[in-house]
Amino acid sequence: MGIYDIKVLKRENMQDVEVSLEQYKGQVLLVVNTATGCGLTPQYEALEGLYRKHKDAGLVVLDFPCNQFMEQAKGNDEEINTFCTMKYDTTFPRFKKIDVNGPNEAPLYTFLKSAIAKREGSGSFLMGIVISLTSKINGKSGADNDVKWNFEKFLVDRQGNVVKRFAPTVTPAQIESAIVELL
């Protein structure tokens, strides 16, 4: 299974719509778990700046709100979308709120974490899957594989390979050169 085999949900016209990530094939993806009530929330502005600057070259920022970290993504999907578009004028794709760790972890995040574990040599690919499945069972895998906080970023190349993982405090400006290399 690859990233393009994964389907996610997006809220459009008051309905949940299934979206295949295959529609982003051939583009550079920056996948971010976000929150609207976090000290890092102003990163939305910088993410939007990166997106506008590089979207014509093939960058897409994929926003996945997550309420797992001190419940800092309160509100429903429409409220989160309204907040982001009104306060930060975001135009990049935003999807339904998800879990990035634990028993209800979204398959996208299981894939991202396993792929980066394999790439960075922190265990075998199979071990990455075992860690993610363990996380789904007990909510805490005890491994470094878990997403630590809001605004953790995963960079995916045009072929669908997860090439880099960035800590929440790494700003969009600090990763721009890594994005440009892939464009």
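Residues numbered from 1 in each chain as written. Predicted model: local features only at pLDDT ≥ 70, side-chain atom pairs only at ≥ 80, totals over all residues. Heavy atoms only, no water.

(A) Looking closely at the nonpolar core. Among the nonpolar cores identified, the biggest contains 28 residues, and Ile3, Val31, Leu62, Phe64, Leu108, Tyr109 and Leu112 are the most heavily contacted of them. Tallying contributions element by element places helix H3 (residues 107-119) first for this core, with 6 residues. Ignoring sequence-local partners within four residues, the contact set of Val31 consists of Leu62, Phe64, Leu108, Tyr109, Leu112, Glu152, Lys153 and Phe154. Among the nonpolar cores identified, the runner-up in size contains 23 residues, and Leu30, Val32, Tyr88 and Phe166 belong to it. (Core = buried A, V, L, I, M, F, W, Y, C linked by side-chain atoms within 4.5 Å. Buried < 20%, exposed > 50% of the residue type's maximum accessible area, 1.4 Å probe, protein only. Helix = DSSP H or I, 4+ residues; strand = E, 2+ residues; numbered from the N terminus. Contact = heavy atoms within 4.5 Å.)

(B) Layout of the side chain of Thr34. Its place among the elements puts Thr34 in strand S3 (residues 28-34). Within polar-contact distance, the side chain of Thr34 engages the side chain of Asp63 at 2.5 Å. (Polar contact = N/O pair within 3.5 Å; in protein donor to acceptor, adjacent residues only side chain to side chain.)

(C) Quick peek at the packing of aromatic side chains. Considering all chains together, one arrives at 9 aromatic pairs under this definition. Considering the side-chain rings of Tyr44 and Phe151, the 5.5 Å spacing of their centres and the 85° angle between planes classify their relative orientation as edge-to-face. One end of the pair, Tyr44, is in helix H1 (residues 43-54); the other, Phe151, is in the loop between helix H4 (125-138) and strand S5 (153-156), with 107 residues separating them in the sequence. Across the pair, Phe151 and Tyr44 agree in class, each one buried. Across from the ring centre of Phe95, 5.6 Å away, lies the NZ or CZ of Lys10, which sits over that ring. (Phe/Tyr/Trp six-rings, centres within 6.5 Å; stacked < 30°, edge-to-face > 60°. Lys NZ or Arg CZ within 6 Å of the ring centre and 35° of its normal.)

(D) Spotlight on unusual backbone geometry. Although it is not a glycine, Glu71 sits at a positive phi angle of roughly 50°. Structurally, Glu71 is set in the loop between strand S4 (59-65) and helix H2 (77-88). The residue Asp89 is not glycine, and still its phi comes out positive at about 55°. By the secondary structure assignment, Asp89 is in the loop between H2 and H3. On the basis of relative accessible area, Asp89 is assigned to the partly exposed category, the value being 44%.

(E) Up close: the sheet that holds S5. Read from one edge of the open sheet, 4 strands run S4-S3-S5-S6, paired in mixed fashion. In the strand order of this sheet, the two ends are held by S4 and strand S6 (162-166), each with one partner. The mean inter-strand angle of the sheet, taken between neighbouring strand axes irrespective of direction, is 20°. In the sheet, S3 pairs with S4 via 7 bridges, with the strands oriented parallel. Paired with Leu30 across the two strands is Val61, which belongs to S4. Its contacts with the sheet put H3 on S3, S4, S5 and S6, and the angle it makes with S6 is roughly 100°. Each of S3, S4, S5 and S6 touches helix H5 (residues 172-182); the most contacted strand, S5, lies at about 15° to it. (Pairing = 2+ DSSP bridges. Axes fitted to C-alpha atoms, helices over the stretch in contact; angles between N-to-C directions.)

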